[in-house]
Amino acid sequence: MRMRWRHLAVLAVAVPALVFGLAWSGLIGVRASTGHWAATDWFLHWVMRNSVRTASLSTEPSRHDDPSSTAAAAAHFQSGCAVCHGSPAEQRSSTMLSMLPPPPDLSVAVNAWTDAQLFEIVKHGVRFTGMPSWPTQVRDDEVWAMVGFLRNLPQMSARDYIELSGLQLTPTARSLTPLVMTCESCHAQGRPGNGGAVPLISGQSEAYLLESLKAYKAGRRPSGIMSVALGPLSQDDLKKLAGHYAEQRVSWQQVGPTNAERYQAGLQLAQNGRSIDRIPACLSCHERDNGNEDYPRLFGQNAAYLGQQLRLFRMGVRGGGKASHLMAVAAKNLTDEDIDTLASFFSQRNNDRPSAAMD
Ligand code: HEC
Ligand code: HEC
Ligand code: HEC
C-alpha cells in the first residue's frame, strides 16, 4: 500500500514535468500548414459541438424572423463576417481557407445547428479558432437578428445578398467621400430593406449625432453593429460625419398605413404622459420648435428602431449623450403596448408638418 502511494507521488511530479519538457523542447508543432491529424480535428469539433449544445440548453428562443432587422444584420455580415466566411456574392479567399480550422461556408454549415446553437456561437464565439464573440454582451437583439439572417443564407442568391447587404449603393452614394461611404451601406436614404432597425440619421442635430457617435465609440451606448462600423475612426472623423449628416436636408416620410384609433392613443400618451405610472409627456422634450439640440427628432423615424430603443432604455442598457439618463427615467414604466403605440405614433408623423404639440 505504502509503495503505491509513493508511485503515485512520483507520477504526479514526472508526468507534468515530461509534458512541460516536451513543450519546452519545441517539438510540439504549431504549424497551421500541416493541419490537424484527423483524430485531433474530430476530437476538437466533438468538444465544440458538445459545448455549444450544452450551453444553448438555457437559451430562451427569441423572435428572429422580423424582416425589419435583417437588412442591418446583412450589412453587418458583409463588414464583419464575410471576410472570413465568404458570402453568396464572394467565395472565401484562399488566405481564409488556410486558417486552422478554416471558417466554414455558412450557407451550408448553418443547417447543422439549431437557432439557439447559432445564437450561442455568434454571441460567444469559439475559442482557439479565430471565431470572434459579438462585440457587446449586454443586448441580444442584434445577435438574434444575425441568427435570422443566417437562417435565410442557404436560399439567398448573390443578387438578393448584394441588395440586402447594401453592397449595391444607391446612385447618390456614389458621389460621396470614402468616409461617408462606410455609413451609407446601412444609412443611405431609400436603401432597400430600410424602414426597420437602422435609424434615419440625416437631419438630426449635429450635437445629438456627435454625442451618439462618441457614446457608441466609448461603449456607453452598446451596439455590436455600430461599434464595428465605427471601429477605426478618429474623434475628428466622428465630428466630420456628424456635421455631414446634420446638414442633409431630407424629409422623413411617413411610413405605413395609419390606424386612427392607435394614432390617437399615441398622441394622447405623447402629449400628456400618464401620471399614475410616472410617464412624462414625450412632447414636453421632443419635437419642440427651437427645442434642445440634445433631444433627437422622432417624427418619421422608423417604428422598429424607435420601439427597440425604448426597450433598451427600459432595460437600462442604452446610454448616450449627457441627457440620456432623462430618457431612461421616461421609459422605465412603459409597457410593451405603450412602446408599440408610441413607436407607431412617432413613425407615422411626418416631420414636414410643423408644430408637433398643437393637435
Ligand atoms: C476571423 C475570422 C472569422 C470571423 C470574422 C467570423 N468568423 Fe465565424 N468562424 C470562424 C472560424 C474559424 C470558425 C470555425 C470554428 C470551428 O471550426 O470550430 C467559425 C465558425 C462559425 C460558425 C459555426 C459554423 C460551424 O459549423 O462550425 C458560425 C455560425 C459563425 N462562425 C458565424 C459567424 C458570424 C455571424 C460572424 C460575423 C458576426 C463570424 N462568424 C465572423 C472564423 C470567423
Ligand atoms: C452595418 C450597418 C451600419 C453601418 C455600416 C453604420 N450604421 Fe449607424 N446604425 C446602425 C444600426 C443598426 C443602428 C442602431 C443601433 C442601436 O441599436 O443603437 C445605428 C445607429 C446609428 C446612430 C444613432 C442614431 C440615433 O438616432 O440615435 C448614428 C448617429 C449612426 N448610426 C451613424 C453612423 C455613421 C456615421 C456610420 C458610418 C461611420 C454608421 N452609422 C454606419 C447600422 C449601421
Ligand atoms: C426630459 C426630457 C425627455 C422626455 C420627457 C422624453 N425624452 Fe425621449 N429622449 C430625451 C433625450 C435627452 C434623448 C437622447 C438620449 C441620448 O443622448 O442618446 C431621448 C431619446 C429618445 C429616443 C431615442 C431616439 C433615437 O434617435 O435614438 C426615443 C425613441 C425617445 N426619446 C422617445 C421618447 C418617448 C416615447 C417619450 C415619452 C414616453 C420620451 N422620449 C420622453 C429626452 C426626453
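For the structure, check the block above.
Residues numbered from 1 in each chain as written. Chains lettered and ligands numbered in written order. Predicted model: local features only at pLDDT ≥ 70, side-chain atom pairs only at ≥ 80, totals over all residues. Heavy atoms only, no water.

**Some thoughts on the coordination of the iron atom of ligand 2**
Note the cut-off: In this analysis a donor is any N, O or S atom within 2.8 Å of a metal ion (3.2 Å for sodium, potassium and calcium), and since water is not included, sites may seem incomplete. Between 85 and 135 degrees for all angles marks four donors as tetrahedral; over 155 degrees for opposite donors together with 65 to 115 for all other angles marks four donors as square planar and six as octahedral; every other arrangement is irregular. Labels follow the DSSP assignment, with helices taken as runs of H or I lasting at least four residues and strands as runs of E lasting at least two, numbered in each case from the N terminus. Each residue is placed in one exposure class: buried if its accessible area under a 1.4 Å probe, protein chains only, is under 20% of its type's maximum, exposed if it is over 50%, and partly exposed if it falls in between.
Bound to the iron atom of ligand 2 are the protein donor atoms His187 (NE2) and Met226 (SD), situated 2.0 to 2.2 Å from the metal. For the iron atom of ligand 2, the six donor atoms in the first shell make angles of 87 to 179° at the metal, a pattern classed as octahedral. Highlighted residues: histidine 187 in helix H10 (residues 178–187) and methionine 226 in helix H12 (residues 224–230), separated in sequence by 39 residues. Of the two residues, histidine 187 and methionine 226, neither departs from the other in class, the shared state being buried.

**Some details on the site of ligand 2**
Worth spelling out the cut-off: The rule for a residue being near a molecule or strand is that one of its heavy atoms must lie within 4 Å of it. N or O atoms closer than or at 3.5 Å make up a polar contact, with two conditions inside protein: a donor-capable atom paired with an acceptor-capable one, and, for residues adjacent in sequence, both atoms drawn from side chains. Charged means Asp, Glu, Lys or Arg here, nonpolar means Ala, Val, Leu, Ile, Met, Phe, Trp, Tyr, Cys or Pro, and polar covers whatever is left, Gly included. Where a domain begins and ends is set by an automatic assignment or by a domain database.
Around ligand 2, 26 residues are found, and the nearest of them are Cys183, Cys186, His187, Tyr208 and Met226. Within the side chain of histidine 187, a nitrogen or oxygen atom sits 2.8 Å from a nitrogen atom of ligand 2. Counting only elements with at least two residues in the shell around ligand 2, the list comes to helix H3 (67–80), H10, helix H11 (206–218), H12 and helix H15 (303–315). Split by residue class, the shell around ligand 2 holds 17 nonpolar, seven polar and two charged. In this structure, the shell around ligand 2 is formed jointly by two domains, domain 1 (60–164) and domain 2 (175–247), each of which donates at least three residues.

**Focus on the packing of helix H2 (residues 38–56) against helix H7 (residues 115–124)**
Note the following rule: Here an axis means a line fitted to C-alpha atoms, over the contact stretch when the element is a helix, while the angle between two N-to-C directions is reported on a 0 to 180 degree scale. Orientation labels follow simple angle bins: below 35 degrees gives roughly parallel, above 145 gives roughly antiparallel, 65 to 115 gives roughly perpendicular, and whatever is left gives oblique. The contact rule is simple, with two residues in contact once any of their heavy atoms fall within 4.5 Å.
Where H2 contacts H7, the two axes come as close as 9 Å, and the packing angle between them is 105°. If you check the angle between H2 and H7, you find them roughly perpendicular. Across from Met48, Val52, Arg53, Ala55 and Ser56 in H2, the residues of H7 making contact are Ala116, Gln117, Glu120 and Ile121. Across the contact of H2 with H7, the residue classes break down as five nonpolar, two polar and two charged.

**Considerations on the coordination of the iron atom of ligand 1**
For the iron atom of ligand 1, the protein coordination sphere consists of His85 (NE2) and Met131 (SD), at 2.0 to 2.1 Å. Given six donor atoms and angles of 87 to 178° at the metal, the environment of the iron atom of ligand 1 is assigned as octahedral. Pair noted here: histidine 85 is in helix H4 (residues 82–85) and methionine 131 is in the loop between H7 and helix H8 (141–152), with a separation of 46 residues, a long-range link.

**Focus on the packing of aromatic side chains**
This is how it is decided: Here the aromatic set is Phe, Tyr and Trp, taking the six-membered ring for Trp, and pairing holds for ring centres within 6.5 Å; pairs whose planes are under 30 degrees apart are stacked, those over 60 apart are edge-to-face, and all others are tilted.
Within this structure, the stated rule accounts for ten aromatic pairs. Aromatic side chains phenylalanine 77 and tyrosine 161 sit 6.3 Å apart centroid to centroid with 85° between the ring planes, which places their arrangement in the edge-to-face category. Note that phenylalanine 77 is positioned in helix H3 and tyrosine 161 in helix H9 (residues 158–164), a separation of 84 residues in sequence. Each member of the pair phenylalanine 77 and tyrosine 161 is classed as buried.

**So, H2**
Put simply, the rule is: A helix is expected to span 1.5 Å for every residue after the first. Directions drawn from the helix axis to the C-beta atoms are what define this arc.
For H2, with 19 residues, the first-to-last C-alpha span of 27 Å sits near the 27 Å given by 1.5 Å per residue. Looking at H2, one finds that the buried residues are Met48, Val52 and Ser56. Along the long axis of H2, the arc covered by the buried residues comes to 50°, so they all point the same way. Exposed and oriented more than 90 degrees from the buried face of H2 are Ala39 and Trp42. Buried residues in H2 make contact with H7.

**Some remarks on the site of ligand 1**
Taken together, 22 residues surround ligand 1, and among them His45, Cys81, Cys84, His85 and Met131 come closest. Contact distances for ligand 1 include 2.7 Å between an oxygen atom and a side-chain N or O atom of histidine 45. With respect to ligand 1, the side chain of tryptophan 113 contributes an N or O atom lying 2.9 Å from an oxygen atom. Taken together, the elements giving at least two residues each to the shell around ligand 1 come down to H2, H4, helix H6 (106–109) and H7. Take the shell around ligand 1: its biggest share by element is three residues, from H7. The residue makeup of the shell around ligand 1, split by class, is 17 nonpolar, five polar and no charged.

**Details of unusual backbone geometry**
Of the consecutive residues leucine 100 and proline 101, the connecting peptide bond is found in the cis state with omega at -5°. Relative to the helices and strands, proline 101 is located in the loop between helix H5 (94–97) and H6. Even without glycine at this site, glutamate 287 takes up a positive phi of about 60°. Considering the arrangement of structural elements, one finds glutamate 287 in the loop between helix H14 (260–272) and H15. The phi dihedral of asparagine 290 is positive, around 50°, even though this residue is not glycine. Counting through the fold element by element, asparagine 290 comes out in the loop between H14 and H15.

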